Every structure is written in C-alpha cells, then in structure tokens.
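Coordinate inspection notes
Listed below, chain by chain, are the residues.
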Amino acid sequence: MALELEEAFGAAGEFGGGQRRLTAFLVLLQVYVACQSMLIVLVGAAPDYHVDQEEIPVSRAELAKHIHFANNFTSIVTEWYLIEQEAYKVGLASSLFFAGLLIGNITFGPLSDKLGRKPVYISGLFFDVIFGYVTALAPNYDIFAVSRFFVGIVNGGMALVSFVLTQEYVGKSFWSFTGSLTNLTFAVGIAVYALLGYYVREWRYLALVSNTPGVIFFLLSFMLPESPRWLYSQGKTAEAEHVLQYIALGNGKEQLNLKLKPSAGTLRKDESAPGILNLVKHPVLRWRTVILMYIWYVCSFVYYGLTLNAGELRGNLYLNVALYGLVEVPAFPLCMFFIEKSWSGRRRTMTSFLVFAGFACIFTLFLPTSAGLFFSPTLLALCGKMMVSAAFNIVYIYTSELYPTVLRNAGLGVCSMSCRFGGILAPFVPSMKSLGPFVPFVVFGISGLSAGFLTLLLPETLNKPIAESIEDLQTPKYQVLKNKKGNQLEENT
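These figures come from a predicted structure and were not determined experimentally.

If you walk through the whole model with that rule in mind, you get 7 salt bridges. The closest approach of N and O atoms between Arg204 and Glu79, which form a salt bridge, is 2.7 Å. Taken together, the residues Arg204 in helix α10 (residues 203–211) and Glu79 in helix α5 (residues 76–80) connect sequence positions 125 residues apart. Overall, Glu79 belongs to the partly exposed group, its relative accessible area being 30%. The closest approach of N and O atoms between Glu340 and Arg346, which form a salt bridge, is 3.2 Å. Each of Asp113, Arg117, Glu168 and Arg408 takes part in salt bridges that share partners, so that together they form one network.

See below:
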C-alpha cells in the first residue's frame, strides 16, 4: 500500500535513534556557527591603552613607538593599531560579515531548493572553513575584512540550509523540538566561544581554534543522507524511499516495505523548478511572505536593539560575552512548552512573546533609572530580550511549516534577508536618545507590538499537514489570507 510522506515517517520512526544521531550532528554544528558569528567580538576587542605623548602620531610607525596596550590579550586592534580615526574599521569588518549573511541567506536557499540540501550545505561548509583560515592568517586588515565578508556569505547560507536539513530528517511533530534545540545550541555556542577566548588570548590562535572544528564537521558531513522531503518534492520517490529505509534501520527497525505515493508536485520534463518568484506570484505565499518578512525584521531589530540598550555590562569581557548568550537559554524551554499546546500553538505563542517584549520596552518609561535591581529598566529590557529570543526561535519553526517543501529554503532565505536589515538598523536607534532618553525603547516597543498583532493574520500550523508542493496550497486546508470564509474554514479543519 502506498503511503503519504508523513505516514512513511511514522512507519520509519519519527524521531528514533538514527534520526537523533543525524540531528545531534547538525545541532552541534551550531557551536561552530556561533563561534564564527561572534568572532569579531573578541578578535576585534580593544584593550586598555595609553599614548605617551599629547598628540597621537599620524604614521603607523610612529604610533607603534608611543602606544602601550595592556598585555591581557591581543586583537586586530593591537596588531594593526585600529584606534582613534582607525577604530571604525572594527565595526566595518562586522558590517561586512552581516552584509555577507544577507547575501548568503538569499542565495543559498533557492540553490538548495533546486540542487538539493546536502550538496549546497557541504559546499558552504567547505568554503566557510577555507575563508575562516584566511581570516586567521590574514597578513593585513584589508584581507581580514574581505575574508569576513565571504565568511558571512557561506556561514549564513550553510547555517540556513543545515537548519532546514535538520527539520526535514524528522517527522513534522518533532520540528518544534529540533528547531528549538538548534537555536539553544547556538546560544550555548556563544558561551563556548567566550570560554575559548578566556584561555586563548592571542587573536590568531583563537581564530584558528574556533575554525578547526569545521574541518571535522565537513569530513563527517559526507555521511549524511539527502533530505527525504526534498527528494520526494522533486519526484525522486525511489531515492526518498531509500533514505527512509536508511532512517528506519538506524532506528532499529527491520527492513520495511515502504512505498510512497507519487508527489502531487512532481515536475514534468517541460516544467521548470519552482523559484523565488513563486513567493510573489502565488497569492497565498505573497501575503504570507510579506508578513513573515516584517516579523523576522522586528525580531532582529528588537533583539539587537535591546542588547544595545540593556546597559553596558562592565567587568570581565569574557563573562559579559557568555552572559549575552546564556540570557537567551531560558527562552527555549518556555517556547517549547507553549507551542505544543493546542490552546496556544505557534501563532498565539509567538504573538504573546512579541507583545510581551513590546510592553516590556514601553514600561521602561514608567521606571526610574535609580530603582533597585528588581525594578530597574535594565532588568525589564533584559526580560524583553529573553521574550524576543523566544519569538525568534519560534519564527524559524513557524516559517518552516508555512512554506511548501519545494520553496522552504527560498522562503527562509528571503525572511532571513529581512532579518539582517533589522540587525543593521538597530545600532542607529540609540542615537534617538537625543529626542528623549526612552525614545529608543518606544520604537522597539511599538515594533514588537505591531509584529505580534500581525502574526494573528497567519494560520496555525500545530497538528496541521505540511505542504510538499505549491499545488497543495490550492486545497482548502492550506488557504489563508485569502478571504474571511477561507480563514474560518481553516480554523474548523
């Protein structure tokens, strides 16, 4: 008897031992991704220094004679004297990395939808490692900065594809768990990077040590199978059955007689594969994409904005970096609990977290800066950051479920692109303090509230089928944002 894809996952084991090993490998990869993403925080840190004359020398040779850095660590600042007029170059290298992330998010998604998850993921990881070593061995600032740009492209694209691959190895009912675990590991990876930096104070050695695990992940990645969902969506039913058999054997099941029904979205030879333009052409996907892009933008905008406005943490540099990661950890069990409950689900939970983050920002208006620790604006802003971190986690899972398999990476790529714009704009908001000390918090609060309420226009995906093809969206149970009757029909299915 031919089975639907979700039924085949159930027969093979939705999250057995074989899938746990596959997902654990890709989840641990997030530690490497986090180290690459946070590299500039320690590698570009500026230690205390003083110049033993009143005027700072213009030439680098003269500056080297008169500047004295503290000897607690080295960085690109100490090696290339990026201080005073040259200090902007540290921020520029960081901006180039995020610009690379934007390009990687928008290009790798459609590529993996057309060429397959595994080859695009492995290629991205390979070049991530190569450019990572170029960063560590860069002879001058220019090569360092350019290498960070290319690291951003391949790191962002590879991380996006690996996230989708993690989701597509397991049954749909475990997507929230694997998605949350992936984002949780990224937060822990920030703390791991801080620990590495504490013991490895030479910036080049730190860059080398942080990049070397990528070699191990690259070599082991050849053992990963292709996504069965992608194979099925491309009409490669026999290959999808083979991967599901492989998963079943890894789960300790005997040889199964799995036979999949032909995919409704299988392409004819004279048809081209769905591309990114389908996100605009299809009315359901068009409105869905517009709303999701705004939500992703706000999540990034508020997240980085609260990080900048929560108050500068003084004291140990490495402890501060670790805390910026660990403050997110409580958000993940919270969102995992609520998104699996029928009375909350994905949509209501994400709305609640975004609205809570918005109100947390606005309520800072009513707290005096001299208040005690438990009533300070800083603590309230950090609570808001924890809530928006939870929303950020959910939006990855939610977006994966809202797009059909043939366009899942393209949809995630476009949304991730808008997310990067939020990260780029957030640092400029603190300058609005000139209009009033709490104006930035009002901007973040209104953004969070608006994104939270817009989320209510999206459909709930908890315990609903996943669309494998664009044709699936034509059936009534997938119709959303089309008309009031369609929305009521979906709520009743």
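Still more to cover.
Let's shift gears to the nonpolar core. Core analysis: the biggest nonpolar cluster contains 54 residues, and Ile295, Trp296, Met350, Leu354 and Phe392 have the highest contact counts within it. Of all the elements, helix α19 (residues 377–402) adds the most residues to this core, at 13 residues. Sequence-distant contacts of Met350, defined by excluding residues within four places in its chain, comprise Ile295, Ala391, Ile394, Val395, Tyr398 and Thr455. One finds Cys35, Val43, Leu82 and Ile190 within the second-largest nonpolar core, a separate group that totals 36 residues.

Here we take up the side chain of Glu460. With respect to the secondary-structure elements, Glu460 resides in the loop between α21 (439–455) and α22 (484–492). Look at Glu460: it is buried, it has no salt bridge, and the nearest opposite charge is Arg347 at 4.8 Å.

A few words now on the environment of Ser227. Tracing the chain through its elements places Ser227 in the loop between α11 (213–221) and α12 (228–233). Between the C-alpha atom of Ser227 and that of Arg117, which follows or precedes it by 110 residues, the distance is 6.5 Å. Polar contacts involving the side chain of Ser227 include one to the side chain of Glu168, which spans 2.5 Å. Separated by 3.1 Å, the side chain of Ser227 and the backbone nitrogen of Trp230 make a polar contact.

So, about the environment of Pro119. Residue placement: Pro119 occurs in helix α7 (residues 117–137). We classify Pro119 as partly exposed; its relative accessible area is 38%. With 103 residues separating them in the primary sequence, Pro119 and Phe222 have C-alpha atoms 9.2 Å apart.

Next up on the list: a nonpolar patch on the surface. Where nonpolar side chains cluster on the molecular surface, the patch consists of Phe126, Phe127, Ile130, Val134 and Ile143 and spans about 380 Å² of accessible area. For the nonpolar patch, the element with the most residues is α7, which contributes 4 residues. Among the structural elements, Phe127 can be located in helix α7.

Another point: unusual backbone geometry. At Tyr81, a position not held by glycine, the phi torsion is positive, near 55°. Topologically, Tyr81 is positioned in the loop between α5 and α6 (88–115). For Asn463, which is not glycine, the phi torsion reads 60° and is therefore positive. Mapped onto the secondary structure, Asn463 falls in the loop between α21 and α22. Owing to a relative accessible area of 68%, Asn463 belongs among the exposed residues under this scheme.

A few words now on helix α8 (residues 141–168). Helical geometry: 3.6 residues make up each α-helical turn, so side chains three or four residues apart lie on a common side. The end-to-end C-alpha separation of α8 is 40 Å, in line with the 40 Å expected for 28 residues at 1.5 Å each. Within α8, 23 of the 28 residues are buried, which leaves it mostly tucked inside the rest of the structure. Where α8 starts, the residue carrying a side-chain oxygen 3.2 Å from the main-chain nitrogen of Asp142 turns out to be Asn140.

Now for the packing of aromatic side chains. Inspection of the entire model under this criterion finds 26 aromatic pairs. Summarising the aromatic geometry, the rings of Trp296 and Phe392 are spaced 6.5 Å apart at their centres and angled 90° between planes, so their arrangement reads as edge-to-face. Of this pair, Trp296 sits in helix α15 (residues 283–309) while Phe392 sits in helix α19; the two residues are 96 residues apart in sequence, bridging distant segments of the chain. Across this residue pair, the class does not change: Trp296 and Phe392 are buried. When the ring of Phe337 is compared with that of Phe338, the centres are 5.1 Å apart and the planes differ by 80°; the resulting orientation is edge-to-face. On the accessibility criterion, Phe338 (27% relative accessible area) is partly exposed. Of the aromatic side chains, those joined through ring pairs into one cluster are Phe126, Phe127, Phe131, Phe149, Phe150, Phe218 and Phe222. Here the guanidinium or amino end of Arg201 rests over the ring plane of Tyr198, the centre of that ring lying 5.1 Å away.

Conventions we followed
Residues numbered from 1 in each chain as written. Predicted model: local features only at pLDDT ≥ 70, side-chain atom pairs only at ≥ 80, totals over all residues. Heavy atoms only, no water. Salt bridge = Lys/Arg side-chain N within 4 Å of Asp/Glu carboxyl O. Helix = DSSP H or I, 4+ residues; strand = E, 2+ residues; numbered from the N terminus. Buried < 20%, exposed > 50% of the residue type's maximum accessible area, 1.4 Å probe, protein only. Core = buried A, V, L, I, M, F, W, Y, C linked by side-chain atoms within 4.5 Å. Contact = heavy atoms within 4.5 Å. Lys, Arg positive; Asp, Glu negative; His and termini not counted. Polar contact = N/O pair within 3.5 Å; in protein donor to acceptor, adjacent residues only side chain to side chain. Patch = residues over 30% accessible without salt bridge, like charges linked within 9 Å, V, L, I, M, F, W, Y side chains within 5 Å. Areas by Shrake-Rupley, 256 points an atom, 1.4 Å probe, with all protein chains shown as cover. Expected span 1.5 Å × (residues − 1). Phe/Tyr/Trp six-rings, centres within 6.5 Å; stacked < 30°, edge-to-face > 60°. Lys NZ or Arg CZ within 6 Å of the ring centre and 35° of its normal.

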